[in-house]
Amino acid sequence: MNETRRVLIAADKFKGSLTAVQVAERVTAGLRRVVPGVEVEALPVADGGDGTVDAAVAAGFERREIRVAGPLGQEVTAAFALRGDTAVVEMAEASGLQRLPAGVFAPLTASTYGSGELLRAALDAGARTIVFGVGGSATTDGGAGMLSALGARFLDEDGDPVPPGGGGLAELARADLSGLDPRLSSVELVLASDVDNPLTGPKGAPAVYGPQKGASPDDVATLDAALAHFAKVLEAAVGSRAAEHAAAPGAGAAGGIGYGALLLGARFRPGIEVMLDVLGFAPALERASLVITGEGSLDEQTLHGKAPAGVAAAARAAGKEVVAVCGRLALPEEALLRAGIGRAYPLTSVEPDVAKCIADAGPILERVAAAIAEDYLR
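Residues numbered from 1 in each chain as written. Predicted model: local features only at pLDDT ≥ 70, side-chain atom pairs only at ≥ 80, totals over all residues. Heavy atoms only, no water.

A. Spotlight on the sheet that holds strand E10 (residues 267-270). With mixed pairing, 6 strands are arranged side by side in an open sheet as E3-E4-E5-E6-E9-E10. Looking along the sheet, the strands with just one partner apiece sit at the ends: strand E3 (62-69) and E10. Going across the sheet, the axis of each strand differs from the next one's by a mean of 30°, ignoring polarity. Looking at chain direction, strand E5 (residues 86-90) and strand E6 (residues 129-133) are connected through 5 bridges and run parallel. Looking at the pairing, threonine 86 lines up with threonine 129 of E6. Lying on the sheet, helix H9 (residues 253-263) is in contact with E6, strand E9 (188-193) and E10; it crosses E9 at an angle near 160°. Set on the sheet, helix H10 (residues 271-279) makes contact with strand E4 (75-83), E5, E6, E9 and E10; between it and E10 the angle comes to about 90°. (Pairing = 2+ DSSP bridges. Helix = DSSP H or I, 4+ residues; strand = E, 2+ residues; numbered from the N terminus. Axes fitted to C-alpha atoms, helices over the stretch in contact; angles between N-to-C directions. Contact = heavy atoms within 4.5 Å.)

B. Molecular detail of the environment of glycine 255. Following the sequence through the fold, glycine 255 ends up in helix H9. If sequence neighbours within four positions are ignored, glycine 255 has contacts with Ser137, Thr139, Thr140, Asp141, Gly142, Ala205 and Lys213.

C. Focus on the side chain of asparagine 197. Looking at where asparagine 197 falls in the secondary structure, it is placed in the loop between E9 and helix H6 (205-209). A distance of 2.8 Å separates a polar side-chain atom of asparagine 197 from the backbone oxygen of lysine 203. Of note is the side chain of asparagine 197, whose polar atom sits 3.0 Å from the side chain of tyrosine 209. If sequence neighbours within four positions are ignored, asparagine 197 has contacts with Lys203, Val208, Tyr209, Ala248, Pro249, Gly250, Ala251, Gly252 and Ala253. (Polar contact = N/O pair within 3.5 Å; in protein donor to acceptor, adjacent residues only side chain to side chain.)

See the structure below:
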């Protein structure tokens, strides 16, 4: 074995099976089964969606927990991460699909209010830079709930607050953003997302992501019209930037919460790029000779801003060798090579039964990692 080999494990979660931290632990164990003394550095990564706070905490951020409103208004315990004056806030912690009871969807009424409470908590904690990771949402309210929690008012014809959720925005008559938390104007807010959809239209939040949140075709049409109306009413309140932001890349992220963030002055950046910066990936990469990345499913979506593609692109630019682990591999070799991944090791390569791969992902991943050690570290 080449004694200078140092491995950097920078993988995302295997959704439904292993967290990013557990992936790193299992890969480390598998490598050391074959090469006991191998130097390993683990840097669990995320692309802004669920798991982003956990990745930040694994990188040395402090975990802060508070009680906030869940998507249906029920109280939940949600976390954000803080290091110095930088906070990492994950909207899925407050407003994610995992916050809904099993089998329950609420496409018209789920609210992002709790996400706004998380942002407020980050401000209270002294954050001057907030990385706002969005994805995995239960909501399609254009960020109206979040803005409400930060001091905005959305009123109907009678001057009463409109009902929560995207459906309620159809009743919106007037928007008042004058009460927004003044601290927002002096904070750098970064919208971290792996999608660049606009707010409405055929590629907008309701049409593309509404169905996975339980929206029927009629619900999608209702939500699309309500969000278009929302943007129109906001134009009267804040001027032409309301329409510009609605058409901007990232406005449709996480049920349109991207739009609300852009209204707050957020800068949109691909989630994995932001997270690699925040997590200290560049110095870790410099120390490594082999990089192991991965996620649950390596497929066409991976190539469009998901964590493994971001890791591989950065590693390739630095001249480092990259391999990937995954539960399921649905990309041809040419696509992997184009993305900068030399080889992929799916769990199905050692256990063809997919159900077993999901149930026993940890031990199987250790066997996969042992195969990587045999191929690359001997």
